[in-house]
Structure formats: structure tokens, C-alpha cells
Amino acid sequence: MAKKALAKHKIETLKDFTEKIEELLPLSEDRILWYRGSGSTDYTLAPSLHRHPSITNNEELLELEGKIIDRFNQRSVPYVSTNFIKEWEILFYIQHFGIPSRLLDWTENPFVALYFALTSAVTKRVKGETVYATDVNVWVLDPVLWNRAVLSDNTYTGGILSLESKHLTAYEPRTSFELMKNDPVCMFGTYNSARIVAQRGVFSVFGKNRKPMETVAIEGGFNPNTLQCFYIEIKDIEPLLTSLISIGITDSVIFPDLSGLATELKRFFKFRV
Amino acid sequence: MEKDQIDFEPLYQRKGQLWSDRDKAFLIDSVINKFDIPKIYVADFTFGNSNGLDLNPSRKSYAIIDGKQRLEALFDFIDNKIALNNDFVYMDDPTVELGGLTYKDLKVKFPRIANNFDNFPLNVMSVITDQEGMINELFVRLNKSKPLTGSELRNAMEGLVPKLIQDISNHYFFKKNIKFNIARAQDLNTAAKLLLIEFRGKFVNIKKIDLDRFVSEAKEAESSNFDSAEKRVNSILALMHEAFEEKDLLLKTSGVIPVYYWLFKNHQNDYKILREFIFLFESARLEFIKIQKSQSKGLFLIDLPSENLEIIKNDTRLIDKKDSISRQLLYMVRVVNYEQYQNGLRNPNDQSGLVSAYTAIEKGFAFYIDQFVRGSSTSKPAKKK
């Protein structure tokens, strides 16, 4: 299959951003697009579990996920009032506290993704000053097209997977390595934390291979509308963030808790965040 | 599990819809009366990577391994294609009359009894493997105690040959021209015979044991000669497809196919007149049988033109030629050794039987060519098409 690079669109202003999204939405399969902001164009679409510094064997990584869930179950009781019924729910929950898993976060809200891209932009120190080091990305994913491409061996014609779907059982935590499918699929999580709700959190969950999603799309010759990329050049990061905050996408909106408010206050009074 | 996500025709399966509507309704009867029914086995491709298209060529999520008839019955009932048998008795309350009701009727009129159906704990085993051989093995083991025909079991064997046989049985000739029953995979069986004969280059024994041995030998060898034999079979079948009519009355039994096949193979240039010859040959043979019968009763009558021959009556292609045909028949009846042909065909799986049947029909054809086609005949030759 022809290996093409993914489509990239340059974004300079909020107007560019909204216009581009309005242009892409009608082209999507069910008028649904998912977004993910990342603080550097160098980052790939890989889940945190795959970024372990020494373990690179896929099978060992999956075992590691099981161990993490076990340890979380043992130690989280004093802090967590929720009762998790399925291990999936633990995965969604811990994901939002940065505990490594096979999940990769996406959001249904493009402004949330833009916020993450801009606020997590990689910086460096030059002559005592902090400056942005790289361009940032907002990935745009058509989750329905994606699932149909990945599950084409089952002639899948449905949409985004939910926990009830038979097609998700092969991705369940602790599924034995041989039985797991290779490529990631898109799923709805359970809204079991205030953060998931605020951020309109949705996920792609990875299978047994370690290829990041952009590689899967390119190598699989997926429809070019399946996965695209917006990028924002260094010079446009600060002004765009200012615009975004002005229209009310602020830290406490994204993180509806005290630490979110704290970040917001720091940013407002010009402290370094 | 949804119906369109299940492959009902994986390679190893037998033909569908073997059960009559009455059989199917009887299964529904058991379900509504809360009897148990046996487990259903499906290959589950939602796990692992069934990218191996050999294993899951339909690209569906499931493929039925065992319980195809039962599952078809359940789906047919849900789709309102079958109704409960008229003698249905609802055991919890025999006064309720449910005979003749479809699922839809039952839902409307007796929702609580319909619940028995809806809530029936159907036992479905998911079989997860990425090895085709294991699924085939399971199919064979589950069916060991059931009366599967040789070709049904052979079809579930491994290797290249079952696929070649499948391909041949999908030829237009089998789809359009034959008129014999294929409910128990008789088409596959015939296809297997043709492939074996073509592969060996001569008539050989084609009994069940020979065909089975052929498949397992082929599994070891995996030689490319099988492919070229398959190609030759298909090219001869293309000639036969052209020569014969749709649902041809001459193709009412599968036993004659290898003999006809060999005739077409040896006389490819004459393939356009072969059907007419076979037609004549068959008519003459039936006439011959009639004569024999009447002789045994002490009578000798040749009543031509023979309007009462079923084949002639049903053959629109030859109606206007009846006159010349009856004359040809007369010759044929006298010349060809039909007894040898019939005795040969009595066991169409035996090398010697096939050879003697073929010898008789070949001799008949030579005579036909001489007398009627190439023209040393006194009667008018049959028109060449």
C-alpha cells in the first residue's frame, strides 16, 4: 500500500483553528472528530505505558500494566471513594492522574486540545529567559473511520466502541498476549472523575504492538481523513494562548478543582506556570 | 451476536438449510418448552489478529463450527420465516394453542410465553485460535458421531486440495448446468473425482477411501501439479457449461459426470455436438431398456418415434428435429452396447466400471460421428452447430 505522510495544517489564529475544524467536520464519518494537543511536534501518538525507559518488549509491557493495576488497587483505598466494577474503570481513572497505561487521551472538545497543546509547549532557557523550543500539535482523529479500518478483519461497520462492545474484550486489561489485537481502537470511557467530565475525555486503547497511531495510519494506508495534524509555530503559541484564555478556556475549566484554580491564578498574575 | 456478523459458510461447513421447516420448528418447540439444546460452537475472530485470510476469508467476527442448523432455525424463527408446528403443545399449559404462530404473533398474543424464547440460555462456546487446522479438527471431532458424508468430512481436511475442490465446485457448470441434488455436498464429491481423475491422467478408483487418501497425500506433497490439474478441469468444465443447458435433464445423476467429462476432454474440438450425441445416446439407452423389458415379457416392439421418452418431451432444443432423431435412435439402439455402459455405471467409483462405461459411450460417439456428422450415413446428418 502507498505510504503517504499525514495531512498537516498550519494554524496561526483562533479563527484559523475554528474555520479549519468547521471545514473538516462535514468530511468526518459521523460528524465526530476527536482532538489531542501535544506540546511538541516531535511527540508521537503513543500511550504512557509505551514510554517506559527500559522495558520495550510488548508482552512485558502488558504484564506491567497488570502489575500497576494491582498496586493501585492495594494502595489507593484511602484516597479513592469510588468502587471500580471493571478493571477498565481503573484504567480510565488512573489515566487522569498520569499513571502509565495503554490508554491515550483524546477530547471531544477542540479547545481543550488546543489548551493542552499550548500550555504544555516545550520550553528552553536562552540567556536567562524561558522561550518556546518547538512547534506544537493538535491531532485530529476521525474515531469512526479509525475503528472501521482497524477492525476491517471483522468487517466492522459500527462507530466508537463502548464497554459493552464485543470488540473491546480483546483489549481488556490482562487479556493474554496472543489473544490481543494488534492496533489501537477508539472507545468511550466511563465518566468517573470530574476531570474526565470537564475535558470531555475519550480514549484510544492500544493492543499488542507498539506502533504509534500515526505509523499505524500511514502503514495501513488508512483514508487520509482518518488522522490529520494541526501545527502551531513557536511565534504563534503565546498570542494564541492569550486568545484562548480570553474566550474562557482557562486552567480551572480544564481542571475543575483547587489545583486547577491555583494554576489559573498564577497564570493570571503573570507568575511562571 | 448478530446474524450478519456470523459466517455460516466457512470452508469446512456442510451445506446450509438441511433441516426442513418442520425440523426447525421442532427445535423452537424445545426452546419454548424449556428443554435443553446442545452447545453451539463458533470461531471467535474478535480476538487475536485474524489477518490470515485463509482462516477468516469472509472477514466476519464469527464463523459457525457446530450448530449451524440449530442457529439457522433460531434466526429463521426470529425473522418470522417459520411458524410453530401445528401440533405444538405448550407443556406448562396444554390448553393454550400456539400451533402456526410466528415469533411476531407469539410476542403480541403471548408475550409471557415469548419470554421463554427470549430468555433461553443458549450455550455458545467461543473458539479462539489462529490455526485453521485446529478449527477443522474440532469440526471433525464434533461430527465424528454424526452421519456426515465423505465429502463433508473431506472438505474439513487440511491442505491445498479441499480448496481446489471448492473452487471447482463453484464453477458455472456446477452452479448452472447440473440437475442433481447437492444438499449433502454431492457437487463437492463430483468435483473431487474430476480433480483426481485429471491429476492421475486416467480413470482410477474414486471411492471414498481413494478420495480421502488423495487429499491426505496432497497435503504432504503440496505439489504445484494440483493447481495445473485444477486449471485443466476448469477449462473442460467451461466447454461443458457451454454445451449443456441450464439444469440439464441429462445431468440428473452425478455418477455419469466423470464419463461425460472424459468424453469432453478427449473430444474438445467436437464439444458443440457432444451434448446432442449424449442426448441421443441417453434416449437410445432408455429405448434399449424398454426393449429389454418388453422382450422379457415375450414381446418385441420398437415404437418409434418415441413420444413417450421423457427426455425428448422435455427438450425444447430438439423438438423440430424429432424425425431425424428417431431415425438416428434406431441406429444407435442397434449398434451400441448399452449393457456394458449400464453395468459400468452401476459402480461409478470403480476404475473398471468407469473404463467400460467410457468405452461404450466412446464407441457410440465414434459411430455417431461416422454415421450422422461426417456423413457416411443414409439418413440426413444432424446439423452441426
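Residues numbered from 1 in each chain as written. Chains lettered and ligands numbered in written order. Predicted model: local features only at pLDDT ≥ 70, side-chain atom pairs only at ≥ 80, totals over all residues. Heavy atoms only, no water.

*Asks:* With reference to specific residues and values, describe the sheet that holds strand S3 (residues 62-66) of chain B.
*Replies:* All names here are of chain B. Spatially, the 4 strands line up as an open sheet ordered S1-S3-S2-S4, and their pairing is mixed. Each having just a single partner strand, strand S1 (6-7) and strand S4 (124-127) make up the two edges of the open sheet. The sheet contact formed by S1 and S3 spans 2 bridges and is parallel. Counterpart to Ile6 in the pairing with S3 is Tyr62. Contacting strand S2 (40-44), S3 and S4, helix H5 (residues 132-142) crosses the sheet at an angle of about 35° to S3. (Pairing = 2+ DSSP bridges. Helix = DSSP H or I, 4+ residues; strand = E, 2+ residues; numbered from the N terminus. Contact = heavy atoms within 4.5 Å. Axes fitted to C-alpha atoms, helices over the stretch in contact; angles between N-to-C directions.)

*Asks:* I'd like to hear about the interface of chain A and chain B, residue by residue, with values.
*Replies:* Opposite the 15 residues of chain A that make contact, chain B presents 16 residues. For the chain A and chain B pair, buried surface summed over both sides reaches about 1200 Å², with 38% attributable to carbon and sulfur atoms. Counting across the interface, chain A meets chain B through 1 salt bridge. Here Lys166 of chain A and Asp44 of chain B are joined by a salt bridge, their closest N and O atoms 2.9 Å apart. At the boundary of chain A and chain B, one finds 8 residue pairs in polar contact (both at pLDDT 80 or more). Looking at the side of chain A that touches chain B residue by residue, the class counts come to 3 nonpolar, 7 polar and 5 charged. (Buried area = accessible area lost by both parts, 1.4 Å probe. Salt bridge = Lys/Arg side-chain N within 4 Å of Asp/Glu carboxyl O. Polar contact = N/O pair within 3.5 Å; in protein donor to acceptor, adjacent residues only side chain to side chain. Nonpolar A, V, L, I, M, F, W, Y, C, P; charged D, E, K, R; others polar.)

*Asks:* Before we move on, could you go through the packing of helix H2 (residues 58-75) of chain A against helix H3 (residues 87-95) of chain A and cite the residues and values that matter?
*Replies:* Residues and elements named next belong to chain A. Closest axis-to-axis distance for the H2/H3 pair is 11 Å, and the angle between their directions is 85°. In terms of axis orientation, H2 runs roughly perpendicular to H3. In this structure, H2 contributes Glu65, Ile68, Ile69, Phe72 and Asn73 to the contact, and H3 contributes Glu87, Ile90, Leu91, Tyr93 and Ile94. Split into classes, the residues belonging to the contact of H2 with H3 amount to 7 nonpolar, 1 polar and 2 charged. (Parallel < 35°, antiparallel > 145°, perpendicular 65-115°, else oblique.)

*Asks:* So what's going on with a negative patch on the surface? Residues and values would help.
*Replies:* There is a patch of like negative charges on the surface, built from Glu59, Glu60, Glu63 and Glu178 of chain A together with Asp130 of chain B. Tracing the backbone shows Glu178 of chain A in the loop between helix H5 (143-150) and strand S7 (185-187). (Patch = residues over 30% accessible without salt bridge, like charges linked within 9 Å, V, L, I, M, F, W, Y side chains within 5 Å. Areas by Shrake-Rupley, 256 points an atom, 1.4 Å probe, with all protein chains shown as cover. Lys, Arg positive; Asp, Glu negative; His and termini not counted. Charge placed at Lys NZ, Arg CZ, Asp CG, Glu CD.)

*Asks:* Could you give an account of the nonpolar core, with specific residues and numbers?
*Replies:* Nonpolar side chains tend toward joint burial in soluble globular proteins. Phe264, Met332 and Tyr341 of chain B are the most contacted members of the largest nonpolar core, which totals 70 residues. With near-sequence residues (within four places) excluded, Met332 of chain B lies in contact with Phe277, Leu280, Phe281, Ala284, Tyr338, Gly364, Phe367 and Phe372 of chain B. Ile69, Leu168, Ala217 and Leu227 of chain A belong to the second-largest nonpolar core, a separate cluster that totals 49 residues. (Core = buried A, V, L, I, M, F, W, Y, C linked by side-chain atoms within 4.5 Å. Buried < 20%, exposed > 50% of the residue type's maximum accessible area, 1.4 Å probe, protein only.)

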